[in-house]
Amino acid sequence: MIYVALPKGRLGESVYALFERAGYDCPAIREKNRKLIFENERAGISFFWVKPSDVAIYVERGAADLGVAGKDILLEYTPDVYELLDLHLGKCRMCVAGPEDFRDDIARPLKVATKFPNIARRHYSAQSREIDVIHLNGSIELAPLLHLSDVIVDIVETGKTLLENHLTPLETIVPISARLIANRVSYKFKNAEITALSAALAEQTPEE
Ligand code: PRP
């Protein structure tokens, strides 16, 4: 049996559809209920829904053999897992964004609000720019509007949230998409099954 942690929500739905097309279906998952674990013995697969930011924890600790996590989470938490495949789903980009009239004052540390403090620190340390990180958990776009921060480091998908709050992308840090990740021990001991599954998914993955 291969145990797979899927991210709950919209991304999870399209990720599951990919597994289904690859022949790893589990019809019970489509039933409307609050169950979290689904198994298809014939296909040798078991899925469970977890919070997207928790997928890597389940995989790193071996509670799941495989999982699907956003590149943002992998860059932020650097879990000790193998990244097997870019699924080309959930595409967006990690950006620095700020007010349209933003001008950097290098005489003082830049105040950066973000859910991704490690990504923000790495980005600015590569530019030798001193920053003051303000770690928030959501609605990041509010921070510059209320002068809590100068800029934000956040995910931009359509750009609508920025636009509607009179903010603009200033810099792209890195493109983001969903990745198939594997537990290191599982990869060794269930290698044949994992390799077959990864190859089947790769065939169904949308083009770049
Ligand atoms: C993400 C991100 C932006 C928004 C970007 O937020 O933090 O707020 O989506 O999408 P857009 O470019 O298509 O407008 P999410 O929905 O995850 O909520 P939260 O950050 O407020 O928790």
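Residues numbered from 1 in each chain as written. Predicted model: local features only at pLDDT ≥ 70, side-chain atom pairs only at ≥ 80, totals over all residues. Heavy atoms only, no water.

Caption draft 1: Summary view of the nonpolar core. The biggest cluster of nonpolar side chains holds 28 residues, and the ones touching the most others in it are Leu6, Phe19 and Phe47. When contributions to this core are tallied by element, the ones reaching two or more residues are β1 (2-7), α1 (10-21), β3 (45-50), β4 (66-70), β11 (178-182) and α8 (191-204). Not counting the four nearest positions on each side in its chain, Phe19 is found in contact with Val4, Leu6, Tyr24, Asp25, Ile45, Phe47, Val68, Leu180, Leu197 and Leu201. Val96, Phe102, Leu110 and Val153 belong to the second largest nonpolar core, which has 15 residues in total. (Core = buried A, V, L, I, M, F, W, Y, C linked by side-chain atoms within 4.5 Å. Buried < 20%, exposed > 50% of the residue type's maximum accessible area, 1.4 Å probe, protein only. Helix = DSSP H or I, 4+ residues; strand = E, 2+ residues; numbered from the N terminus. Contact = heavy atoms within 4.5 Å.)

Caption draft 2: Spatial organisation of the sheet that holds β1. A sheet is described by the order of its strands in space; here 6 strands give the open sequence β2-β3-β1-β4-β11-β5, paired in mixed fashion. Edge positions in the open sheet fall to β2 (37-40) and β5 (82-86), since each of these has one partner strand only. Averaged over neighbouring strand pairs, the angle between their axes works out to 25° when direction is ignored. Where β1 lies against β3, 6 bridges are found, and the strand directions are parallel. Directly across from Ala5, in β3, lies its bridge partner Phe48. The sheet contacts of α8 involve β1, β3, β4, β5 and β11, and relative to β5 the element is tilted by about 25°. (Pairing = 2+ DSSP bridges. Axes fitted to C-alpha atoms, helices over the stretch in contact; angles between N-to-C directions.)

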